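Analysis of the macromolecular model
Now for the letters of each chain:
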Amino acid sequence: MAYTAKDYSNLIGMEGFSETLLKNHFTLYQGYVTNTNKLADLLASMLSEGKVGTPEYAELKRRFGFEFNGMRLHEYYFDNLGGSGVLDKSGKLGRKLAEDFGSYEDWERDFKGTGAMRGIGWAILYQDNVTRKLMNQWINEHETGHLADCIPVLVMDVFEHAFITDYGLKRADYIAAFFKNINWDVVESRLR
Ligand SMILES: [Fe+2]
């Protein structure tokens with residue numbers, strides 16, 4: 001079953017994000033969908049041709065995590081944008097953030113600090129599926145650092161392509177714009 005790129009053109013017009021930046025970002029995302037499908041097909045062909053165990057198979061298998069997560073994380077990211085940026089701190093998620101981090105403000109400081117780390121990747125607020133605890137985590141590129149059996153709740157892209165067109169190297173300004181557009185209803189719906 002092939003993956004299909006979702007349409008996020010509804011996000012165009014979001015404050016703090018230019019149309020050029022968003023359209024380029026959608027194109028990059030579509031590339032991950034295309035490459036995920038391509039790799040899945042190639043790996044399936046190699047399996048049927050008895051090529052498992054070859055260096056080519058191993059490298060494509062390794063690459064799959066990069067392309068697949070590049071696709072899926074962009075979907076989490078675009079899906080958690082387009083909102084008002086206002087979290088009801090007395091709601092389920094607001095209370096849980098305060099409980100697990102000491103206060104909402106401490107959570108925000110930690111999440112923004114994670115996103116401001118040097119390097120390219122993602123900041124993800126996860127919920128541990130076992131303990132239900134919330135954690136902020138840095139993902140290097142698309143595939144390194146994921147926490148097993150944890151559910152992404154809030155996902156923020158901090159590759160330079162996510163902001164450099166509009167903000168240059170001012171990543172903190174981009175992160176502030178991201179926060180103004182978080183769709184907290186979507187984020188809260190991911191919480192168990
Ligand atoms: Fe991206």
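Refer to the structure above for everything that follows.
Residues numbered from 1 in each chain as written. Predicted model: local features only at pLDDT ≥ 70, side-chain atom pairs only at ≥ 80, totals over all residues. Heavy atoms only, no water.

**Side note on the layout of surface pockets**
Keep this limit in mind: Throughout, the protein atoms alone are placed on a 1 Å grid, and a set of points is a cavity if a 1.4 Å probe fits but cannot get out or a pocket if it is open with protein on both sides within 12 Å along at least five of seven lines; lining residues have an atom within 4 Å of a point. Grid points are joined across faces, edges and corners, and a volume is the space filled by probe spheres set on the points. Residues were grouped as follows: Ala, Val, Leu, Ile, Met, Phe, Trp, Tyr, Cys and Pro as nonpolar; Asp, Glu, Lys and Arg as charged; and all remaining residues, including Gly, as polar.
By volume, the largest pocket amounts to about 160 Å³. A per-class count over the lining of the largest pocket returns six nonpolar, one polar and three charged.

**Some remarks on the side chain of Lys96**
Worth spelling out the cut-off: Under the DSSP-based scheme used, a helix requires at least four consecutive residues in state H or I and a strand at least two consecutive residues in state E, with every element numbered from the N terminus. Partly exposed describes any residue whose relative accessible area lies between the buried limit of under 20% and the exposed limit of over 50%, with all areas from a 1.4 Å probe on protein chains only and scaled to the type maximum. It only takes one pair of heavy atoms within 4.5 Å for two residues to be counted as in contact.
On the secondary structure map, Lys96 appears in helix 3 (residues 92–101). Relative accessible area serves as the criterion here: at 16%, Lys96 is assigned to the buried category. Those residues within four positions of Lys96 in sequence are excluded, and the remaining contacts are Gln127, Arg132, Lys133 and Leu134.

**Some words on the pairing of strand 2 (residues 134–140)**
A regular strand places its side chains on the two faces of the sheet in alternate fashion. This is how the line gets drawn: Any two strands with at least two DSSP-identified bridges between them are counted as paired.
Both strand 1 (residues 121–128) and strand 2 contribute to a ladder of seven bridges, which runs antiparallel. In the sheet register, Ile124 faces strand 2, and the bridge partner there is Gln137. Taking the residues between adjacent antiparallel strands as the criterion, strand 1 and strand 2 are bridged by five residues, where Arg132 takes a positive phi near 70 degrees.

No statement about biological role is implied by the geometric values presented.
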